[in-house]
Structure formats: C-alpha cells, structure tokens
Amino acid sequence: MRLRPLLATVTAALAAATCLTAAAPANARPANARPANDQRGNACSPSVSIESFSDALDKTTYEGTFVGNFSALAVDRDGRIAAVSDRSALFTLDRKTLRPASVVPLADESGAALDSEGLAVDRDGTRLVSSETEPSIRRYARDGRILDRLPVPDALRVAPAGRATSNQTFEGLTFLPGRRTLLAGMEGSLAGDTTGIVRFQTWERQRGHFALDAQYGYRTDTGLNVSETTATPDGRLLVLERGFTAGVGNTVRLYLADQRRATDTSGIDSLTGQSGVRLVRKTLLADLVNCPSLGAQAKQPQPNPLLDNIEGLAVTGGGHGRLNLLLVSDDNQNAVQITRFYSLRVRL
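A quick note: this is a predicted structure, and the numbers were derived from the prediction, not measured.

A. A look at the state of the cysteines. Under the defined criterion, the tally for this structure stands at one disulfide. The disulfide that involves Cys-44 links it to Cys-291, with 2.0 Å between the sulfurs. Between Cys-44 and Cys-291, the S-S torsion sits near 110°, and that sign places the bridge as right-handed. Note that Cys-44 is positioned in the loop between strand S1 (18–19) and strand S2 (48–54) and Cys-291 in the loop between strand S20 (281–287) and strand S21 (310–319), a separation of 247 residues in sequence. Here Cys-44 matches Cys-291 in class, with each residue buried.

Written out as structure tokens, the structure is:
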C-alpha cells in the first residue's frame with residue numbers, strides 16, 4: 001500500500017529525474033558510517049545488525065521508467081534481484097551494484113495498470129505478482145506476458161465483492177521451501193474480524209496449477225499493518241510490520257513468525273481472538289528504530305533518519321541460523337521520501 005505522509009505530499013518532478021548511469025555498490029556506506037565488522041556498533045537488537053544502506057537509486061530513471069515505488073523484492077534464479085514497483089513495472093537489479101539490468105511493464109488482462117505489491121519467483125523463472133486492487137495474483141513470464149491467474153477466496157476480495165478494504169489486501173507474497181506452497185499476507189483486517197488480526201492465505205501446487213489451501217490468522221501490533229511476508233529456509237516467515245504517523249515518521253518492526261501449528265481459518269467467518277483458534281506465533285527480531293543510523297539522512301521527520309516506508313524484503317543468503325536480508329523502501333515518487341536499500345544480518 002502506498003503510504004503518503006499527511007503533512008508532506010509534494011511529489012518528485014519526473015522531469016528532474018536523470019537517467020541512471022551508475023549506481024554505488026549495494027554495500028556502500030557514508031564516510032562517517034561505522035564499519036560493518038563493528039557488530040556492537042551495528043546492532044539493531046541481539047538478533048539483528050545492519051551492514052549498510054544505499055540511496056543510489058533514489059529519484060533516478062532507467063530506459064524512461066522511474067526507478068522507485070518498490071513494494072517487493074525476490075531473488076531470481078541467477079542470483080540477481082527482481083524488484084516490483086507498485087506502478088506496474090518489474091525490474092531486474094544487479095545483485096552487487098543494484099544497477100537496473102532490465103525493466104518490463106506489467107498489466108492485467110485488459111491492459112490496465114496494477115497496484116502490484118507482492119512478488120515471488122518460481123523455480124522456472126516465472127514471476128508471481130500480487131495486486132491489491134481486487135486483489136489478484138497472476139503468473140507472468142519474464143517478458144511480462146500473463147500466463148494464468150490464481151483463485152482468490154471470496155471473503156478476501158475488496159468490498160462489496162468481499163470483506164476486504166481497498167489497499168489493504170495482498171501485500172506480501174512468498175514461496176515456502178520447496179516452492180510447492182505459496183503464501184500471501186493480507187495487509188489489513190477483513191470486515192468482521194477483530195482489527196489487527198489479518199489473514200495469511202496459501203495455495204498448493206497441483207499438476208502445474210495452484211489450488212487454494214490453508215489460511216491462518218496473524219495479529220499485528222497496534223496501529224501497524226503487514227507490509228511483507230518472506231519465508232525462511234526452515235519454513236517459518238519473516239514479517240515486516242509498518243506504520244506511519246504524520247510529524248513523527250515510520251515504525252518498522254521485523255518479526256519471526258511460525259504458522260506451522262496455527263489453526264486453518266479458511267472455514268472461520270470471523271476472527272475475534274476466540275478460544276480454540278491458534279493464531280500464527282510471532283517473535284520480535286528488531287524494531288528498526290533502534291538500528292544505528294550509519295549517517296543516513298531523512299527528508300521528513302523520522303524517529304531514526306535511517307527509516308523510511310520499508311515495504312520489500314528478500315533473503316539473499318546465509319546459513320547455520322544466520323540470514324542475509326535485503327530490504328527496500330517505497331518512495332511513492334514523493335520528494336520527501338527515499339528509495340533506500342538496507343542490508344541486514346539476522347540470527348534466528
């Protein structure tokens with residue numbers, strides 16, 4: 001969902017954006033940043049440290065397309081980074097430099113633009129992209145051709161077709177290990193569910209297609225919504241919860257969630273925290289306000305100048321209980337927001 005500051009909504013002039021010719025390395029840091037090997041100085045929490053950030057792509061263009069509005073990241077088969085813009089563009093980024101290598105437009109079956117928020121790359125390289133307009137999930141070829149469309153439960157559709165609120169639907173999309181199960185995280189609650197309890201919907205691969213499968217309930221922190229869901233190698237989830245307060249700035253928290261023993265809520269009409277329904281368990285890994293700023297600067301009030309409207313998250317590597325993460329913020333093509341990439345390390 002595009003979060004626009006209430007006190008500052010001046011959009012960036014596209015005419016002033018210049019074509020990207022070179023990008024700083026993804027691990028580039030300001031000269032006054034702490035060294036990445038200073039784990040104590042770079043700690044956001046006992047489990048999470050920030051390695052670096054990069055603003056190299058902020059307010060740039062590539063082949064006539066604005067580079068920004070990023071809402072999701074995924075690792076492609078060749079190790080490069082797939083990044084989707086919620087303005088219907090799918091980028092491929094160099095893993096080391098973040099420099100765009102290609103961009104293709106996305107559209108629905110009628111050619112209309114999408115509000116694309118979630119992204120997952122299948123084993124054959126096809127892209128699954130969620131749009132929160134209806135909501136929908138479509139499979140795209142690398143060139144942007146639509147291959148097919150997944151079924152969506154009626155209750156998860158935007159009212160009046162269903163019980164979801166506009167711009168509060170499929171915000172996160174991820175394959176669980178093995179790529180047989182796809183999971184989408186709803187951003188906000190359905191009508192009839194307790195505010196703060198959102199639904200996670202899954203699909204199971206069956207003979208080349210995806211069929212509806214189990215659904216789970218997840219409780220967000222007060223005032224926050226789900227902005228991303230990404231699977232860990234052991235089948236759990238990393239969940240980003242995010243919010244914005246005008247004049248204060250963003251709240252971004254990273255949780256480890258475990259849906260494996262949660263109740264299947266697909267047959268439960270209203271989720272109210274009732275007994276007998278086990279919600280997804282979650283453990284706070286870090287509140288990113290506690291990360292060192294590494295010399296970052298903000299263009300609007302923020303509780304930590306490092307923060308912005310973080311929406312995308314991908315696991316880029318790791319092992320032995322440690323993960324390397326790449327995060328990105330959605331600048332909404334707004335002059336007071338930033339397209340910023342973050343490199344984090346997490347110990348599970």
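B. Looking closely at the layout of surface pockets. Computed from the structure, the largest pocket encloses a volume of approximately 520 Å³. Those elements that place two or more of their residues in the lining of the largest pocket are strand S5 (70–75), strand S9 (116–121), strand S13 (170–175), strand S17 (225–231), S21 and strand S22 (322–329). The element best represented in the lining of the largest pocket is S21, accounting for seven residues. For the lining of the largest pocket, the per-class residue count stands at 17 nonpolar, 10 polar and three charged.

C. Looking closely at the pairing of S5. Burial analysis of S5 places five of its six residues in the buried class, the great majority of the element. Across five bridges, the pairing between S5 and strand S6 (residues 81–85) is antiparallel. Across the sheet, residue Phe-70 finds its bridge partner in S6, namely Ser-85. A loop of five residues connects S5 with S6, the two strands running antiparallel in sequence, and Gly-79 in this loop sits at a positive phi of about 90°.

D. Geometry of the pattern of salt bridges. Counted under the stated rule, the structure contains 28 salt bridges. One salt bridge in this structure joins Asp-331 and Lys-59, with 2.9 Å as the shortest N-O distance. In this pair, Asp-331 is assigned in the loop between S22 and strand S23 (341–347) and Lys-59 in the loop between S2 and strand S3 (60–62), connecting sequence segments 272 residues apart. For the residue pair Asp-331 and Lys-59, the accessibility class agrees, reading buried in each case. Overlapping salt bridges bring together Asp-221, Glu-241, Arg-253, Lys-282 and Asp-287 as one network.

E. Geometry of the sheet that holds S20. Judged by pairing direction, the sheet is antiparallel, and its four strands sit side by side in the order S17-S18-S19-S20 without closing on themselves. Of all the strands in the sheet, the pair left with one neighbour each is S17 and S20. The sheet shows a mean angle of 30° between the axes of neighbouring strands, taken without regard to direction. As paired strands, strand S18 (residues 237–245) and strand S19 (residues 249–258) are joined by nine bridges and run antiparallel to one another. Each residue of the ladder has a partner; that of Gly-243, found in S19, is Thr-251.

F. Structural view of the packing of aromatic side chains. The final tally for this structure, using the stated rule, is five aromatic pairs. Look at Phe-70 and Phe-91: their rings are 5.5 Å apart centre to centre, the planes differ by 85°, and that puts the pair in the edge-to-face class. Taken as a pair, Phe-70 in strand S5 and Phe-91 in strand S7 (residues 89–93) lie far apart in primary sequence, 21 residues in all. Residue Phe-70 is classed as buried on the basis of its relative accessible area, which comes to 0%. Aromatic pair Phe-170 and Trp-203: ring centres 5.9 Å apart, planes at 80°, arrangement edge-to-face. With Phe-170 in strand S13 and Trp-203 in strand S15 (residues 197–206), the pair connects residues that are 33 residues apart, well separated along the chain. Overall, Phe-170 belongs to the buried group, its relative accessible area being 0%. Chaining the aromatic ring pairs together yields one cluster made of Phe-70, Phe-91 and Phe-341.

G. Region of the structure containing the sheet that holds strand S16 (residues 209–219). Pairing is antiparallel across the open sheet formed by four strands, whose spatial order is S13-S14-S15-S16. Since the sheet does not close on itself, it has two edges, and those belong to S13 and S16, each with one partner. Neighbour-to-neighbour, the strand axes of this sheet turn through a mean angle of 20°, independent of strand direction. Sheet topology places S15 next to S16; nine bridges connect them, and they run antiparallel. Its bridge partner being in S16, Glu-204 is matched across the sheet by Ala-211.

H. Expanded view of empty space enclosed by the protein. Inspection of every chain in the model, using the stated rule, returns one cavity of 30 Å³ or more. By volume, the largest cavity is sized at about 30 Å³. Every residue lining the largest cavity is listed: Ile-50, Leu-288, Cys-291, Leu-306, Leu-307, Ile-310, Tyr-342 and Leu-344. Considering only residue class, the lining of the largest cavity consists of eight nonpolar, no polar and no charged.

Analysis parameters
Residues numbered from 1 in each chain as written. Predicted model: local features only at pLDDT ≥ 70, side-chain atom pairs only at ≥ 80, totals over all residues. Heavy atoms only, no water. Disulfide = S-S within 2.5 Å. Helix = DSSP H or I, 4+ residues; strand = E, 2+ residues; numbered from the N terminus. Buried < 20%, exposed > 50% of the residue type's maximum accessible area, 1.4 Å probe, protein only. 1 Å grid on protein atoms, 1.4 Å probe; cavity = no way out; pocket = protein on both sides within 12 Å on 5 of 7 lines; lining within 4 Å. Points joined across faces, edges and corners; volume = space filled by probe spheres on them. Nonpolar A, V, L, I, M, F, W, Y, C, P; charged D, E, K, R; others polar. Pairing = 2+ DSSP bridges. Salt bridge = Lys/Arg side-chain N within 4 Å of Asp/Glu carboxyl O. Axes fitted to C-alpha atoms, helices over the stretch in contact; angles between N-to-C directions. Phe/Tyr/Trp six-rings, centres within 6.5 Å; stacked < 30°, edge-to-face > 60°.

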